[in-house]
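Spelled out, the chains give:
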Amino acid sequence: MSDETGTPDTSAGSSGGTAAEGGGPRPEPLRFFGTSWVNHDDGYAARRAGVAVGSLAAAVASCLVLRFAYDGIRIADTGAFVTVLIIAMFAICSALAFRNTWEGFGKRHDPQRQASLRGLLAIGFVGSLLAYFFRSLTEAPGEKLHREEYDTARETHARRTARRTGNPSKKKRHK
């Protein structure tokens, strides 16, 4: 399915030329997991635990940095309106980033929509980190989507290759 580095030759849905299972589709690698999500091997459980701990630690560190920024705004004495506005902005952007990231684990996003949301998602990075944490408690983030696509590609490949047995030019033709 993959070479020694853990990277596949082709992604799900395309066929490779020298796969062990006869040149069928290859799984698409996930960030931090490679293709270990397919059979839950090659340290899959440790990677999931690492992603959970890492994303939670990054979210906590990010909240501490935001706390320092809040203290800076408070020291600057900009007023209650600006303080509430900034807190609301980070809270709303984090909630939207969480929802967007969570939905991305189940379906592919439209690239144009993602490009237009890039600034909002950058502000709400804490929400994305928390989405990674919560998803990694049950599976590799994005595993469900990739598994569905990979299984569909394998079924399609099996149906396509089952119909093509033998050399079609050697078929008996009735005249």
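Nothing here was measured: the structure is a model prediction, and the numbers come from that model. (Residues numbered from 1 in each chain as written. Predicted model: local features only at pLDDT ≥ 70, side-chain atom pairs only at ≥ 80, totals over all residues. Heavy atoms only, no water.)

Colleague: Sorry, what's going on with the overall build of the protein chain here?
Modeller: Of the regular secondary structure elements, the protein chain holds six helices and zero strands. Starting at the N terminus and walking to the C terminus, you meet the elements of the protein chain as α-α-α-α-α-α. A burial count over the protein chain gives 28% of its 175 residues as buried. In the protein chain, once contacts between residues fewer than 6 apart in sequence are set aside, the share between residues at least 24 apart is 64%. A total of about 11400 Å² of accessible surface is found on the protein chain, and carbon and sulfur atoms cover 60% of it. (Helix = DSSP H or I, 4+ residues; strand = E, 2+ residues; numbered from the N terminus. Buried < 20%, exposed > 50% of the residue type's maximum accessible area, 1.4 Å probe, protein only. Contact = heavy atoms within 4.5 Å. Areas by Shrake-Rupley, 256 points an atom, 1.4 Å probe, with all protein chains shown as cover.)

Colleague: Mind showing me how you'd approach the packing of helix α2 (residues 80–104) against helix α5 (residues 125–136) here?
Modeller: The relative placement of two packed helices is expressed as an angle between their axes plus a distance between the axes. Look at α2 against α5: their axes get within 7 Å of each other, and the N-to-C directions meet at 40°. Classified by the angle between their axes, α2 and α5 sit oblique to one another. α2 and α5 meet at a crossing whose hand is right-handed. Of the residues in α5, those touching α2 at Ser94, Ala97, Phe98, Thr101 and Trp102 are Val126, Gly127, Ser128, Leu130, Ala131, Tyr132, Phe134 and Arg135. (Axes fitted to C-alpha atoms, helices over the stretch in contact; angles between N-to-C directions. Parallel < 35°, antiparallel > 145°, perpendicular 65-115°, else oblique. Left-handed = near helix turned anticlockwise from the far one by under 90°.)

Colleague: Would you mind showing me how to read the pattern of salt bridges here?
Modeller: Two side chains with opposite charge may pair up if their charged atoms get near one another. As enumerated under the stated definition, the model contains nine salt bridges in all. Among the ionic pairs, Glu139 bridges to Arg135, the shortest N-O distance being 3.1 Å. A single burial state applies to Glu139 and to Arg135, both of which are buried. When the shortest N-O distance is used, the salt bridge between Arg147 and Glu143 registers 2.9 Å. One end of the pair is Arg147 and the other is Glu143, both in helix α6 (residues 143–163) and four residues apart, which spans about a single turn. On the basis of relative accessibility, which here comes to 23%, the residue Arg147 falls in the partly exposed class. One salt-bridge network, in which partners are shared between bridges, spans Glu28, Arg108 and Glu149. (Salt bridge = Lys/Arg side-chain N within 4 Å of Asp/Glu carboxyl O.)

Colleague: Got a minute to help me understand the packing of aromatic side chains in this structure?
Modeller: For any pair of aromatic rings, the description rests on two quantities: the centre-to-centre distance and the angle between the ring planes. On inspection of all chains with the given rule, the structure shows seven aromatic pairs. Here the aromatic rings of Trp37 and Tyr150 are separated by 6.2 Å at their centres, their planes lie at 80°, and the arrangement is edge-to-face. Of this pair, Trp37 sits in the segment before α1 (44–76) while Tyr150 is found in helix α6, placing the two residues 113 residues apart along the sequence. When sorted by exposure, Trp37 lands in the same class as Tyr150, which is buried. Considering the side-chain rings of Phe98 and Trp102, the 5.7 Å spacing of their centres and the 10° angle between planes classify their relative orientation as stacked. Remark: Trp102 and Phe98 occur in helix α2; sequence separation between them is four residues, near one turn of the helix. One aromatic cluster in this structure is built from Phe98, Trp102, Phe105, Tyr132, Phe133 and Phe134. (Phe/Tyr/Trp six-rings, centres within 6.5 Å; stacked < 30°, edge-to-face > 60°.)

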